[in-house]
Structure formats: C-alpha cells, structure tokens
Amino acid sequence: MSANKRALGPLYVVRNSRIHGRGVFAARYIRKGTRILEYKGERIDNDEADRRYDDTKMKRHHTFLFTLDAKTVIDGAPEVGGGDASFINHSCDPNCEAVITDRKIFIHALRGIEPGTELAYDYQYERTGKNDAALEKFYVCRCGSANCRGTIMKPAKKKKRRRR
Ligand SMILES: [Zn+2]
C-alpha cells in the first residue's frame, strides 16, 4: 500500500446493513471506475457448489457463490477464505459492478460513491426455467431502490453474473 493510501485510510468498511446482514460501505469518496476490492474465496466446481448449497434446505436466502466461468465457482464464505467482498449486498440500482479480469473477480465503482454509502452490485442470479416463480420469491429483494424488481434473480435475457 502506498503512503498516499495509508494517509487517506481504507476505501471501505464492513458493518451492519439495512438491506441484509452485514454490508460494505464507502469509508471515503470512491471515484467512478475505481477497482475497490477482489471477490475472494475458494475455487470449486459446480458439483461441489451444489453439495455445499442446496436451495431447498437453505434457511439463509443467499449464498456466497459467484460464478467465475462455466466450470468454476468461487465460494466466498468466510470459513473458506472469503473476503470483505462477500458481504456486499445486492441492489437493483447498484453503484458497483463485478468485473472478471485474468480469472479474478473485482468489484468496481459504477459511479462516484459518497462516504457512508453502502456498496452494492446486481447479483443477477441465473434463471433455470424451472421453478422460477418460486425462486423469485425465495430470492426476494428488499434493496429499496425505486426500480427494485422484487427479486435478486436476473431479469430475463440479461448477461449472467452470479450463480444462484
Ligand atoms: Zn431490489
């Protein structure tokens, strides 16, 4: 870390969120396009992800899984090496986006973010075509944005980002 960054302090802080559980908040102004942090965790395949997270048995309405590519999922749970990015909540009107670079996932600022603002990106959980209506309710969204679509599943026909 550069002396300049130390002087300014960290970009973000993890604390309780009104959206869900813990969240990640800007600790100072974050410029549009800033690479804020990496989505860290254990790299596993889809079968292992299914073993770890069974939607039908889960009480918690989200997981820490993030699809890296067709074969690889990153499990960002704290017990397996997940980092602060795992606590970033979903929003239907996000101020961040996830960008995959060199097989790593980074959270970037989509716009200038004021200190104290909660960071969020659009999870866009994949639709399978099966039980979508039920899953929409399971993955209910309470982000509070004006354009909230009511679910953290992706809208129909949009690019895949995060695994459900
Ligand atoms: Zn929403």
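Not measured: the values here are computed from a predicted model.

Cut-offs applied
- Residues numbered from 1 in each chain as written.
- Predicted model: local features only at pLDDT ≥ 70, side-chain atom pairs only at ≥ 80, totals over all residues.
- Heavy atoms only, no water.
- Donors = N, O, S within 2.8 Å, 3.2 Å for Na, K, Ca; no water.
- Tetrahedral: all angles 85-135°; square planar, octahedral: opposite > 155°, others 65-115°.
- Helix = DSSP H or I, 4+ residues; strand = E, 2+ residues; numbered from the N terminus.
- Buried < 20%, exposed > 50% of the residue type's maximum accessible area, 1.4 Å probe, protein only.
- Pairing = 2+ DSSP bridges.
- Axes fitted to C-alpha atoms, helices over the stretch in contact; angles between N-to-C directions.
- Salt bridge = Lys/Arg side-chain N within 4 Å of Asp/Glu carboxyl O.

### Quick word on the coordination of the zinc ion
Where a metal carries four tetrahedral donors, each ideal angle is 109.5 degrees; where it carries six octahedral donors, the ideal angles are 90 or 180 degrees. Each protein donor to the zinc ion is listed here as C92 (SG), C141 (SG), C143 (SG) and C148 (SG); together their distances run 2.3 to 2.4 Å. Around the zinc ion sit four donor atoms; with metal-centred angles ranging over 102 to 114°, the donor geometry is tetrahedral. Mapped onto the polypeptide sequence, the residues donating to the zinc ion form the spacing pattern C-x48-C-x1-C-x4-C. Of the two residues, C92 sits in the loop between β7 (89-90) and β8 (96-101) while C143 sits in the segment after α3 (132-138), which places them 51 residues apart along the sequence. Since its relative accessible area comes to 8%, C92 is described here as buried. What makes C143 buried here is its relative accessible area of 15%.

### Section: the sheet that holds strand β5 (residues 65-67)
A sheet is described by the order of its strands in space; here three strands give the open sequence β4-β6-β5, paired in antiparallel fashion. Each edge of the open sheet is held by one strand with a lone partner, namely β4 (42-44) and β5. Across this sheet, the average inter-strand angle for adjacent strands is 30°, counted without regard to direction. Where β4 and strand β6 (residues 73-75) come together, three bridges link them in antiparallel fashion. The partner of E42 across the bridge, within β6, is D75.

### Brief notes about the sheet that holds β8
Within the open sheet, the three strands sit side by side as β3-β9-β8. Their pairing is antiparallel. The sheet is open, and its two edges are formed by β3 (35-38) and β8, each paired on a single side. Across this sheet, the average inter-strand angle for adjacent strands is 30°, counted without regard to direction. Note: β8 against strand β9 (residues 104-109), six bridges, orientation antiparallel. Note that in β9 the partner of E97 across the bridge is H108.

### Description of the pattern of salt bridges
For the coordinates displayed, the defined rule picks out seven salt bridges. Of the charged contacts, one joins E48 and R51 as a salt bridge, the two residues approaching to 2.9 Å between their closest N and O atoms. Of this pair, E48 and R51 are both found in helix α2 (residues 46-52), three residues apart, which corresponds to roughly one turn of the helix. One salt bridge in this structure joins R52 and E48, with 2.7 Å as the shortest N-O distance. One end of the pair is R52 and the other is E48, both in helix α2 and four residues apart, which spans about a single turn. You can call R52 partly exposed: its relative accessible area is 30%. It is possible to trace a salt-bridge network through shared partners that takes in E42, E48, R51, R52 and D75.

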